[in-house]
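# Tertiary structure, described
For reference, the chains in residue letters:
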Amino acid sequence: MDLTLPLDNSAIERILPHRFPFLLVDRIIELEPDKRIVGIKNVSLNEWYLSRTADGDAVMPPTILTEAVAQVGAILILAKPENRQRLPFFAGIERVRYRRPVRPGDVVVIEANVVRLRSRMGLLKGVARVDGRSVIDGTMTFALGDLPHKS
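Let me sum up the structure you'll find in this document.

In total, this model carries 13 salt bridges according to the counting rule given. Across the pair R36 and E32 runs a salt bridge whose closest N-O atoms are separated by 3.2 Å. For R36, a relative accessible area of 18% puts it in the buried group. A salt bridge links D34 to K80; the shortest N-O distance between them is 3.2 Å. With D34 in the loop between β1 (27-32) and β2 (36-42) and K80 in the loop between α2 (62-78) and β5 (86-98), this pair connects stretches of sequence that are 46 residues apart. A relative accessible area of 37% places D34 in the partly exposed class. Salt bridges here are not isolated pairs; linked through shared partners, they connect E30, E32, R36, E111 and R129.

Moving on, we get to the nonpolar core. Within the largest apolar cluster, 41 residues are counted, with the highest numbers of intra-cluster contacts made by I12, I37, M60, I75, V102 and V108. Elements with a contribution of two residues or more to this core: α1 (9-15), β1, α2, β6 (107-117), β7 (121-130) and β8 (133-146). Take this core: its biggest share by element is eleven residues, from α2. Those residues in contact with M60, other than ones at most four positions away along the chain, are K41, V43, Y49, L50, L65 and V102.

Okay, the packing of aromatic side chains next. Ring pairs (aromatic) are described by centroid distance and by the angle formed between their planes. For the coordinates displayed, the defined rule picks out two aromatic pairs. Each ring, one from F22 and one from W48, has its centre 5.8 Å from the other, and the planes form 80 degrees; the classification is edge-to-face. Here F22 is found in the loop between α1 and β1, whereas its partner W48 is found in the loop between β2 and β3 (51-52), with 26 residues between them in sequence. For the pair W48 and Y49, a centre-to-centre distance of 5.5 Å together with 80 degrees between the ring planes defines the contact as edge-to-face. Assessed through its relative accessible area of 48%, W48 is described here as partly exposed. Each residue in the set F22, W48 and Y49 is aromatic and connected to the rest through ring pairs, giving one cluster.

About the cut-offs
- Residues numbered from 1 in each chain as written.
- Predicted model: local features only at pLDDT ≥ 70, side-chain atom pairs only at ≥ 80, totals over all residues.
- Heavy atoms only, no water.
- Salt bridge = Lys/Arg side-chain N within 4 Å of Asp/Glu carboxyl O.
- Buried < 20%, exposed > 50% of the residue type's maximum accessible area, 1.4 Å probe, protein only.
- Helix = DSSP H or I, 4+ residues; strand = E, 2+ residues; numbered from the N terminus.
- Core = buried A, V, L, I, M, F, W, Y, C linked by side-chain atoms within 4.5 Å.
- Contact = heavy atoms within 4.5 Å.
- Phe/Tyr/Trp six-rings, centres within 6.5 Å; stacked < 30°, edge-to-face > 60°.

The values are spatial; any link to function lies outside them.
Structure representation (structure tokens):
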């Protein structure tokens, strides 16, 4: 698989099992295997998951933002050839802080850094920023499982 940067939507779909409307990563702009990755999510007004605040503003829910960070981290893990036939499972999150709302028109820059990586488990530190300001940060644990066999 060609991992020439930037990775566009079709390259991301060759790595992640997620598809529209659940794919929350638009582009990968940096990738250092086993170390770090940087991805982009462009938030538009017609996103299906946007919620409304009490004053009527559209915002990206924190759970969806967390999933976007997890997907960028999963691309980092699945980019390794030996992990291509594996499936990452979200095993836990720690010390996640939501700093400010993400709104339509925002470009979310998501970075994940490897804290610990073993054969079937790992720990990533994730941060997402809009205009250089953190909107979420935290630590995510994942487990690698085998893909189900097709009959």
